[in-house]
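# Reading the structure
The residues making up each chain are set out below.
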Amino acid sequence: MAAPAAAPRTVIENCAIATVDAGDTEYASGHIVVTGNRIESVGPGKAPGNLDNVARRVDASGHLATPGLVNTHHHFYQWITRGLATDHNLFDWLVALYPTWARIDEQMAYSAAQGSLAMMARGGVTTAMDHHYVFPKGSGDLSGAIIRAASEMGVRFTLARGSMDRSRKDGGLPPDFAVETLDGALAATEETIDRHHDASFDAMTQIAVAPCSPFSVSTELLRQGAELARRKGVRLHTHGSETVEEEKFCHELFGMGPTRYFESTGWLGEDVWMAHCVHMNDSDVEAFARTRTGVAHCPSSNARLGAGIARVPDMLRAGVPVGLGVDGTASNESGELHTELRNALLVNRLDPRHREAALTARQALRLGTYGGARVLGRASQIGSLEQGKLADLVLWKLDTLAHASIADPVAALVLGAAAPVTLSLVGGEPVVENGRLLKADEDAIARSTRSQAQRLARIAAQA
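Residues numbered from 1 in each chain as written. Predicted model: local features only at pLDDT ≥ 70, side-chain atom pairs only at ≥ 80, totals over all residues. Heavy atoms only, no water.

### A short note on the UniProt feature "domain: Amidohydrolase-related" (unreviewed entry) in the protein chain
The sites that carry the UniProt feature "domain: Amidohydrolase-related" (unreviewed entry) are, in the present numbering, residues 65-403. The span residues 65-403 carries 41% helix and 15% strand; its end-to-end C-alpha distance comes to 15 Å. (UniProt positions renumbered as here; feature names shortened; annotations may be inferred. Helix = DSSP H or I, 4+ residues; strand = E, 2+ residues; numbered from the N terminus.)

### Quick notes on the layout of surface pockets
Computed from the structure, the largest pocket encloses a volume of approximately 260 Å³. Residue lining of the largest pocket: Trp79, Arg82, Gly115, Ala118, Met119, Arg122, Glu442, Ile445, Ala446, Thr449, Arg450 and Ala453, and that is the complete set. Where the lining of the largest pocket is concerned, the elements lending two or more residues are helix H2 (106-122) and helix H14 (442-462). Among the elements that take part in the lining of the largest pocket, H14 stands out by supplying 6 residues, more than any other. The class makeup of the residues in the lining of the largest pocket is 6 nonpolar, 2 polar and 4 charged. Approximately 230 Å³ is the volume attributed to the second largest pocket. (1 Å grid on protein atoms, 1.4 Å probe; cavity = no way out; pocket = protein on both sides within 12 Å on 5 of 7 lines; lining within 4 Å. Points joined across faces, edges and corners; volume = space filled by probe spheres on them. Nonpolar A, V, L, I, M, F, W, Y, C, P; charged D, E, K, R; others polar.)

### So, empty space enclosed by the protein
In total, this model carries 4 cavities of 30 Å³ or more according to the counting rule given. Taken as a whole, the largest cavity spans an internal volume of roughly 130 Å³. Looking at the largest cavity, it is lined by 17 residues, and the ones nearest its centre are His75, Leu90, Trp93, His239 and Glu242. Top element by residues in the lining of the largest cavity is helix H1 (residues 90-101). It accounts for 4 residues. In this structure, the second largest cavity spans a volume of roughly 50 Å³. It is helix H12 (residues 361-375) that contributes the most residues to the lining of the second largest cavity, 3 residues altogether. Of the residues belonging to the lining of the second largest cavity, the class tally is 3 nonpolar, 2 polar and 4 charged. Both of domain 1 (9-67 + 384-436) and domain 2 (69-376) provide at least three residues apiece to the lining of the second largest cavity. (Domains from an automatic or database assignment.)

### What to know about the packing of aromatic side chains
In this structure the tally under the stated criterion is 10 aromatic pairs. Between Phe76 and Phe157, the ring centres sit 5.8 Å apart and the planes meet at 25°, which makes this aromatic pair stacked. Placement of Phe76 in the loop between strand S6 (69-70) and H1 and of Phe157 in strand S8 (residues 156-163) is noted, with a sequence separation of 81 residues between them. Both residues of the pair, Phe76 and Phe157, count as buried. Seen in terms of ring centroids, Phe215 and Phe249 are 6.2 Å apart; in terms of plane orientation they differ by 80°. Their pairing is edge-to-face. Placement of the pair is Phe215 in the loop between strand S9 (205-211) and helix H5 (219-232) and Phe249 in helix H6 (residues 244-254), with a sequence separation of 34 residues. The same class applies to Phe215 as to Phe249, namely buried. Here a set of aromatic residues connected by ring pairs shows up, and it is made of Phe91, Phe215, Phe249, Phe254, Tyr261 and Phe262. Here Arg148 stacks its cationic end above the ring of Tyr110, 4.1 Å away from the centre of that ring. The ring of Phe135 carries Arg161 above its face, with NZ or CZ at 3.6 Å from the centroid. (Phe/Tyr/Trp six-rings, centres within 6.5 Å; stacked < 30°, edge-to-face > 60°. Buried < 20%, exposed > 50% of the residue type's maximum accessible area, 1.4 Å probe, protein only. Lys NZ or Arg CZ within 6 Å of the ring centre and 35° of its normal.)

### A short note on the domain arrangement of the protein chain
Each assigned domain of the protein chain is listed here: domain 1 (9-67 + 384-436) and domain 2 (69-376). For domain 1 and domain 2, the distance between their C-alpha centres works out to 29 Å. Across the contact, 35 residues belong to domain 1 and 26 residues belong to domain 2. Between domain 1 and domain 2 the total buried area reaches about 2,300 Å² when both faces are included, carbon and sulfur atoms providing 63% of it. Where domain 1 meets domain 2, there are 4 salt bridges. Put simply, Arg156 and Asp392 hold a salt bridge, and the shortest N to O gap is 2.8 Å. Residue assignment for the side of domain 1 that touches domain 2 shows that the elements contributing at least two residues are strand S5 (63-67), strand S14 (393-397), helix H13 (409-415), strand S15 (421-426) and strand S16 (429-433). Per element, the largest residue contribution to the side of domain 1 that touches domain 2 is 5 residues, and it comes from H13. Taken together, the residues of the side of domain 1 that touches domain 2 sort by class into 20 nonpolar, 8 polar and 7 charged. (Contact = heavy atoms within 4.5 Å. Buried area = accessible area lost by both parts, 1.4 Å probe. Salt bridge = Lys/Arg side-chain N within 4 Å of Asp/Glu carboxyl O.)

### Considerations on helix H3 (residues 142-153)
In this model, H3 (12 residues) spans 17 Å end to end at C-alpha, consistent with the 16 Å of a helix rising 1.5 Å per residue. Summarising burial for H3: 9 of the 12 residues are buried, a large majority. Here H3 has its buried residues at Leu142, Ser143, Gly144, Ala145, Ile146, Ile147, Ala149, Ala150 and Met153. Positive phi shows up at Gly154, right after H3, with a value of about 90°. (Expected span 1.5 Å × (residues − 1).)

Below you can see the structure in the form of structure tokens.
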């Protein structure tokens, strides 16, 4: 029997490199060798000259190489409801938009997922995440449509299969016809795990259990959802401590704040991550640190909705795992994670408790890479440029007018204008080259998302 063919190599040279490894190793000019879907080596200077089976060499002069960005919180379907309710707080915004969201269907969800994924991938995201929790009756296979869009785009993906069972009649915000029953939500979530979750090292699709929020799900859905996730060996995700209104809601309904409530239902632990976590006191931060519960920090969305400034420096100092999230594009219309690196740094410096000492440029980059990988439970596989890890990496072009006069490439990436992506690899496979998607037609996606946004608006208006 013939020996198996050696995996082809890609050699990238002459670029600055920020590995985001444990020691924050950086090279002013270095190389990366990719073999198959793994990183074979990273180091200073040129790659070894005796490498065989080199399928591609990239002269990356003028570029910074980083791990691919990891998005830890999003709602893809909101791509077709951008620009609405632009001057609302969270609860008023939800009341305004739920009647429209409650009328999405499979075609809309697929198109919106394409738009969301395309915008992130173009901007350096190699691992995407979607928290989808709106499942109107008769809307089709929404989870399957979202997963198909991610697979076609070529990015690594976590679908947080959400759910809601507390509608207006029960004191919640969603319309009655837009929620599931307790048993229906649990059964559908388990079916999604069984059909789509891949636990392997190089998995492209993983599933998490993700009841929406304390004010849209019952206590029993939270409790049984946690039990389901742990029985299946998958992660747990929800919204937590996003606004002062949520804090008030939890005290009125449950007699305790969000963090204590979550702990009482089994929702703190190293397999859990929550979005926002803006209104956290010292004991909340300590509880997250003690249990290694993760946080998806969404600075642009928090600002758009006037929710407040999350205590990210305090969380990091305490040992809380923190990543970055775009959040749904009905509250962050740009839909780009690389802008969140800058916004995380700037917004946290506005906090009078920390000011200019809040975050550094390198801490911001870590949030968007290794921090996100840790939050998604994939830090051993992605999030840093290290031998043996999956070859998810990005080359950022920093030699143009926008960045060329900034000597520090990490500062240029984080504080400068949004840098163009010359090359993005996911598992060694090119997904973006010279700022354009390779596996999807951006213009066709733009037409489709506009058409589906108009269709949804018509349906909602008629209803």
